[in-house]
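Given next are the chains, with one letter for each unit.
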Amino acid sequence: MSNNAPYSFFKSVEKSFDKASKFTNWENGLLEQIKACNSVYSMRFPVKMDDGRIEVIEAYRVQHSQHKSPCKGGIRFSEEVNQDEVMALASLMTYKCAIVNVPFGGGKGGIKINPREHSTYELEKITRRYTAELVKKNFIGPGIDVPAPDYGTGEREMAWIVDTYASLKPGEIDAAGCVTGKPITQGGVRGRKEATGLGVFFGIREVCNMKEEMEKRGLTVGVAGKTVVVQGLGNVGYHSAKFFREHGSKVIAIAEFEGAIFNAEGLNEEEVFQHRKKTGSILNFPGATNITKSTDALELACDILIPAALENVINGENAPRVQAKIIGEAANGPLTPEADDIFAAKGTLVVPDMYLNAGGVTVSYFEWLKNLSHVRYGRMEKRFTENLNTHILSQIEELTGKTVSAAERGFIMHGPEEVDLVHSGLEETMITATREIMQIWKDNPSIPDMRTAAYVCAINKVGTSYAELGIFP
Ligand code: NAD
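Residues numbered from 1 in each chain as written. Predicted model: local features only at pLDDT ≥ 70, side-chain atom pairs only at ≥ 80, totals over all residues. Heavy atoms only, no water.

**Points about the site of the ligand**
Next up, step 1: The ligand sits among 18 residues. The nearest are T196, N235, V236, E256 and N332.
Next up, step 2: In this structure, G234 approaches the ligand through a main-chain N or O atom, which is 3.4 Å from an oxygen atom.
Next up, step 3: N235 places a main-chain nitrogen or oxygen 3.0 Å from an oxygen atom of the ligand.
Next up, step 4: Taken by itself the ligand offers 830 Å² of open surface, and the protein chains cover 68% of this.
Next up, step 5: Of all the secondary-structure elements, those providing two or more residues to the shell around the ligand are α8 (235-246) and β7 (250-256).
Next up, step 6: The residue inventory of the shell around the ligand, partitioned by class, reads nine nonpolar, seven polar and two charged. (Near = heavy atom within 4 Å. Polar contact = N/O pair within 3.5 Å; in protein donor to acceptor, adjacent residues only side chain to side chain. Areas by Shrake-Rupley, 256 points an atom, 1.4 Å probe, with all protein chains shown as cover. Helix = DSSP H or I, 4+ residues; strand = E, 2+ residues; numbered from the N terminus. Nonpolar A, V, L, I, M, F, W, Y, C, P; charged D, E, K, R; others polar.)

This is the structure in C-alpha cells:
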C-alpha cells in the first residue's frame, strides 16, 4: 500500500482472516489475539549523508506474534514503507510460518528510503544505525527477532546487520543467528538463493500429483508434459522455470516488463536470461514469438501459470480471460480478491502465496538452526554415509556377481552435502504443507478456495499454540 492508498493492507489481511475464521471453532477473544500485532516499533533516527546533510530516517519493526520465538520476517527498503504495510506483512509471516511448520512468530521491518538514491556508504550507515536501534529496544536477537532480506535488501545488508549486532553484543556465541540470508562466509546456508523458486515447484508438483484435483480439471497426473507460463524472470521466476523445465514441463512463455516471448516447444530460462542480459530485452529471443503486450502472456492457453513478479497483476478485469487450470502464486499478492472469486467459480486451482512462496523462510529456518548448532549441514555424516554406501554396494556386487553403472555408482555412494539436505528439508516441508491444506479443504467443502483453507490451517495452528500456552497471568 502506498501512503495515499485509500485502503489498508493490514485491514485486507484481517478481512481474509475473518473470512477463514468462520471455518474454525476458536472463541472470538482468541481470534482477536491471533490477529493483533503484539509489538510495533516505529522509530526515527538521524544519519549524516555523504554531502554532510543530516537526514531523519523513518523505520519500523513489527512483531506480530510471539506465540513462537523468535519472530521472523524480512526488512524492506522502499519509499512505500509505512506502518500499515509492515503490520500486514508481519501478520502474513505469522501465518506463513505456521503453515510450513517453521516454529517462529511473524515479524517484518521496513526503512522508508529509496536504496537507489543512496551511496553504498550511506546504505551501510542507515542499516547499521537501524540495527543499533533494534538492539537498544531488544527487538533483534537469535531468540527474540530474526530479520532477513526482503524487497531492496540482500546478503550485503544482512552482513552489515550481523556485524553490528555482534559488535554490540560481544561474546554472544549465537550472534550469527540474529539474522538470516547472510553470505555463506558470514554463516549463510547453501541453497538459499533458489529456495523460493524450488519451493514453488515442490508445492505445485505435489498438487499435480493429486489425481482427484487433476481429474477435476481434465489434467493428467504429474508435472511432466505440462505447459507453464512464467511472469517475471527474477530470482523466483527464473528458479521456478528452471525446476519445471528440469522435471519435464514445457515453459512455453516468459513475461518481463518490456514484453513476453512464446515458444510452444518450450524455453530454456538460462538461455533467455543470457539473451536479456546481452540485448537488454527478453524480446527477439531466437526461435520464439514476441508478445509485445507483456500481460497478454497471462492469458495464454497453458496448464500452469506462475506469476512471479508483482502484486495485483491478475484482477477482476483480466481474470475471466486467464485460461490456466492451475495458478501458482510465486509473487506476493499477484491476485486481487475479485480474481479469486472468478477463479473459484471457474474451478481454476489457485495455490496461494501465503505458503507457496515460503521456501525462503523455510531455508532461513535451516540457516538459523545451522547458526545455533555451529556446524555445517552434512559435515558429520557425509563421509560416514559414503563409506557405508561403498561397503553396501561392494557387498551387493560381490554377492550378485554384477556391477552397477558408473552413473548409478556415483548416485548411490553420494553422501549428503549441505545443499542436498537443505533441498530435501524444503521438499518435505512443501509436500507436508500442501497435503495439510488440501486435507482441510477436503474435510470442509464449503471452504471456497485453497487460500481460505491455508488461512484455516494457519489459524488452527496459531490458535492451538495460544490455547496451550494459556493467557498470562
Ligand atoms: P526480482 O526483483 O528478482 O524479480 C522480479 C522480476 O519481475 C524482475 O526480473 C522484473 O524485471 C520483473 N518484472 C517487473 N515488472 C514486471 C511486469 N510488469 N511484468 C513482468 N515482469 C516484471 O524479485 P523476486 O525476488 O524474484 O520476487 C518476485 C516476487 O516474489 C515478489 O512478489 C516477492 O515479494 C516474491 N517473493 C520473493 C521471495 C524471494 O525469496 N526472493 C520470497 C517470497 C516471495
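**A few points about the packing of helix α15 (residues 418-443) against helix α16 (residues 450-469)**
Next up, step 1: One can describe the packing of α15 onto α16 by two numbers: an axis separation of 8 Å at closest approach and a directional angle of 105°. Comparing the axis directions of α15 and α16 gives the class roughly perpendicular. In this structure, α15 contributes T434, E436, I437, M438, I440 and W441 to the contact, and α16 contributes M450, A453, A454, V456, C457 and K461.
Next up, step 2: Among the residues making up the contact of α15 with α16, the classes are represented as nine nonpolar, one polar and two charged. (Axes fitted to C-alpha atoms, helices over the stretch in contact; angles between N-to-C directions. Parallel < 35°, antiparallel > 145°, perpendicular 65-115°, else oblique. Contact = heavy atoms within 4.5 Å.)

**Concerning the side chain of T94**
Next up, step 1: One can find T94 in helix α3 (residues 83-99).
Next up, step 2: Excluding residues within four positions of it along the chain, T94 makes contact with H64, S65, H67, G105, G106 and V462.

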